[in-house]
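What follows is the residue order along each chain.
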Amino acid sequence: MSAPDWHLIEALNPPPLLSLFGADPDRVARLGIDVAGLHFDWSKTHLTADVLTAFESLARAQDLPGKREALFRGDAVNITEGRAAEHTAERGEGAADSVTRAGLLHARMRALIDAIEMEALGPIAHILHIGIGGSALGPDLLIDALGRDEDRYEVAVISNVDGCALEEVFARFDPSATLLVIASKTFTTTETLLNASSALEWMREGGSEDPYGRVIALTAAPDKAVEWGIDETRVLPFAESVGGRYSLWSSIGFPAALALGWAAFEELLEGAGEMDRHFRLAAAHENAPMLAAFADLFYTQVKGCATRATFAYDERLRLLPSYLQQLEMESNGKSVGIDGQQVGRQTAPITWGGVGTDAQHAVFQLLHQGTHLVPIEFVAVTEPGDALDDEHHRQLLLNCFAQGAALMAGRANDADPARAYPGDRPSATILIETLDPRSLGALIAFYEHRTFVNAVLLGLNPFDQFGVELGKEMAKAAGSGGLDFDASTTDLMRRAFG
C-alpha cells in the first residue's frame, strides 16, 4: 500500500457541506449518477475534486483497474483460498467458460422449477427454505422485497437454529404440501442440517410417506447432498468459486425464482449485469461503486467514523440492512491484508440501519445531536408499493429527504443549546424509480462492487471469512466435551445444562 497516497488522503480537510454547495452550483449534477433505474446522490457528502483526485491516485497505486479485470476474468482473486470469485459470471459477466457453466446450471434450475409447477413432486403450497448466512439472507431479501403480491406459494426462510423459529412455521404450513429446500455451500453446516432434519421429521409425522421426495438441495458439494439422502435429480449445484454472501444469483436464488417466477429471476440477473458493466466501464468520477467506496474510506480514514448506517425508506427493503451487514462486515471486517501483514488502519465500519420512518423515532436523536459522526445512506423508491392514499408515500419520501437536509444544515440555538443541531453530518441517497427485479438486482450488485473497491484500496481479500470459524469450532468442541473452557464459560454451561 502506497503510504504517500494515504498521507495525502489523511491530510484532506474539505469545507463544511453548506459551504461546498454555496461554492459550486453544479455540485448536485457532478455528484449524481443514474444507472439501471437507480439515482445516486453523493452531493451531501464531503467528496470534493481534491478528495476524488486523491482517491483516484490511491486506486491507481493499488491497481484497482487491474484487479477489477482480474475479478471479471475469473482469476484467483481469492488468494487465501486459491480460487476465483465468480458471482458476476452468474449474471453473464465473466470468463466465457464460467458464464457458459452458470447458464447450464440455471437451465437445470429452470427445468426443476417447471417440473414443480407442473406438480411433478405433488401439489405444493408452501416452500420452507433452510440455510444460514449467505444461504438465507439473499433469498429472504428477494422474496420479502418482491414477493408481497405473489400468491404462487407461501414461503418461509429459516436460518436460526432456535427451534422456536421452525415451530412457528410448522404451525402455519401443511407438511403434506411443503417443499423443503436445504441451502448449504458445503452441505456440512451444523445449524442448517439440524433444522433440515427436524423439518423432515415434521413432514414424516404429518403423514408424508416419502418426505425426501419433496426435498431440494442447493449446494456446491452435490455429492454430500446425495450422501445425505437427496436424489441427484433434485440437487441444484453451483460453482465452488461463488462465495456464500455473493450467491443469490446462483441456485441459492432457487426459492426466489420459484416464488416470483423465472422471468423475475432473469430480470434480477439482467439488472445486476447492467451494474457489472457500469462498474467495469465507467470512469472513476462517474462510477457509482467507486464513488461510494471513496466516500466510505474518507469517513473511516479521515474522519474516524466507526460505523455507517443504511435506512430503507420503503417497507419492502426492510431486510436490506441485515443483508448488508454480512456482505460488508464479513467481507472487509479484517485486520490482515493480502500481504499477510497487519493493515495498520481501520477497515470496514460497523454496518447497521433500519427502516424509516420507524428509525427516526428510535436512533435519529443520536445521529442529529450525538457525539458520534455516522455517515448515513438513505434508500427510497419513487413509485409506491401500496394502493393506499398517495399521501402515505408522499409523507414517507418527504421524511426521507428532510432527514438528509436536516443532518446537513443543522440549526444553531445559542439560547438553548439542548435544542441546537450541529449539522454538517453527511448522507447519501439512493433513489430507485421502481422497485422491481431489475432495479433490485442492480442495487445488490452495486453494493457488491462497492465492497470490492473498499477491499482493494485497503489491501484486503473480501472473499474469505475465516473469522466465523473459531466460535463454531469451539461450539462443536463444547458439545462433545473435548475442550476445557475458561471459568466463566464453564459456569454458564453448568448453569444451562446441569
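Heads up: the structure comes first, above all this text.
The model shown is predicted, which means the values in this text are computed figures rather than measured ones.

Enquirer: Whenever I open this one, the overall build of the protein chain confuses me. Can you help?
Expert: The helix and strand inventory of the protein chain stands at 19 helices and eleven strands. Here the C-alpha radius of gyration of the protein chain, 24 Å, is about what a compact globule of 498 residues would show, namely 23 Å. Considering only intrachain contacts with a sequence separation of at least 6, the fraction spanning at least 24 residues in the protein chain is 75%. As presented, the protein chain carries roughly 21,500 Å² of accessible surface, and 52% of it is formed by carbon and sulfur atoms.

Enquirer: Could you clarify how one ought to interpret the packing of aromatic side chains in this entry?
Expert: By convention here, two paired aromatic rings are described through the distance between centres and the angle between planes. Scanning all chains against the criterion turns up 18 aromatic pairs. By the ring-pair criterion, three or more aromatic residues cluster together here, those being Phe72, Tyr246, Phe279, Phe452 and Phe463. Looking at Arg68, its charged tip hangs above the ring of Phe279, at a distance of 5.5 Å from the centre. Over the aromatic face of Trp6 sits the side chain of Arg345, whose NZ or CZ is 4.2 Å from the ring centroid.

Enquirer: Honestly, the packing of helix α7 (residues 134–146) against helix α14 (residues 320–332) in this entry has me stumped. Any pointers?
Expert: Between two packed helices, the angle of one axis relative to the other and the distance separating the axes together describe the packing. Orientation of α7 relative to α14, taken along the N-to-C sense of each, is 150°, at an axis distance of 10 Å. In terms of orientation, α7 lies roughly antiparallel with respect to α14. Judged by the sense of rotation from one axis to the other, the crossing of α7 with α14 is left-handed. Contacts from Gly134, Leu137, Gly138 and Leu141 in α7 reach Leu320, Ser322, Tyr323 and Gln326 in α14. A class-by-class count of the residues in the contact of α7 with α14 yields four nonpolar, four polar and no charged.

Enquirer: What exactly am I supposed to notice about the sheet that holds strand β4 (residues 154–158) here?
Expert: Each strand in a sheet pairs with another by means of backbone hydrogen bonds, the pair being arranged parallel or else antiparallel. Across the sheet, five strands lie side by side as β4-β3-β5-β6-β7; this open sheet has parallel pairing. Lying at the two open borders of the sheet, with one neighbouring strand each, are β4 and β7 (235–237). Within the sheet, the average angular offset between the axes of one strand and its neighbour, ignoring direction, is 15°. Two strands pair when backbone bridges link them, and strand β3 (residues 126–130) and β4 are joined in this way by five bridges, in the parallel orientation. Along β4, the bridge assignment pairs His126 with Glu154. Along the sheet face, helix α8 (residues 163–172) touches β3 and β4 and points at about 165° away from the line of β4.

Enquirer: In this structure, what is going on with the sheet that holds strand β9 (residues 350–355)? I would like to understand it.
Expert: Reading across the sheet, the six strands line up as β1-β2-β11-β10-β8-β9 and stay open at both edges, with mixed pairing between neighbours. Every other strand in the sheet has two partners, leaving β1 (32–35) and β9 as the edge strands with one partner each. When the angles between neighbouring strand axes are averaged without regard to direction, this sheet yields 15°. Note that β1 and strand β2 (residues 38–41) share four bridges and pair antiparallel. Directly across from Gly32, in β2, lies its bridge partner Asp41. Of the strands in this sheet, β2, β8 (307–313), β10 (376–381) and β11 (427–432) touch helix α17 (residues 437–458), which is tilted by about 150° from β11.

Rules behind the numbers
- Residue positions within a chain follow its written sequence, with the count starting from 1.
- Selection of residues for local features in this predicted model requires a pLDDT of at least 70, selection of side-chain atom pairs for listing and counting requires 80 or more, and totals for whole chains, interfaces and linings are taken over all residues.
- Hydrogens are left out, water is left out, and the side-chain values use all remaining heavy atoms of the structure.
- Helix and strand assignments follow DSSP, with helices taken as H or I runs no shorter than four residues and strands as E runs no shorter than two, numbered in order from the N terminus.
- Both definitions apply: the radius of gyration is a C-alpha atom measure, and the globule rule equals 2.2 Å times residues to the power 0.38.
- For this analysis, residues touch if any pair of their heavy atoms sits within 4.5 Å.
- Method for areas: the Shrake-Rupley scheme with a 1.4 Å probe, in which residue coverage is limited to the protein chains shown.
- Between rings of Phe, Tyr and Trp, where Trp is taken as its six-membered ring, a pair exists when centres lie within 6.5 Å; planes separated by under 30 degrees are stacked, by over 60 edge-to-face, and by other angles tilted.
- By definition here, charges over rings are those cases where NZ of Lys or CZ of Arg is within 6 Å of the ring centre and within 35 degrees of the ring normal.
- With axes taken as lines fitted to C-alpha atoms, and helix axes fitted only over the stretch in contact, angles between N-to-C directions fall between 0 and 180 degrees.
- When an angle is under 35 degrees it counts as roughly parallel; over 145 it counts as roughly antiparallel; between 65 and 115 it counts as roughly perpendicular; any other value is oblique.
- Take the far helix as your reference; a near helix turned counterclockwise from it by less than a right angle gives a left-handed crossing, and one turned clockwise gives a right-handed crossing.
- Just so you know the grouping, Ala, Val, Leu, Ile, Met, Phe, Trp, Tyr, Cys and Pro go in nonpolar, Asp, Glu, Lys and Arg go in charged, and all remaining residues, Gly too, go in polar.
- Any two strands with at least two DSSP bridges between them are considered paired.

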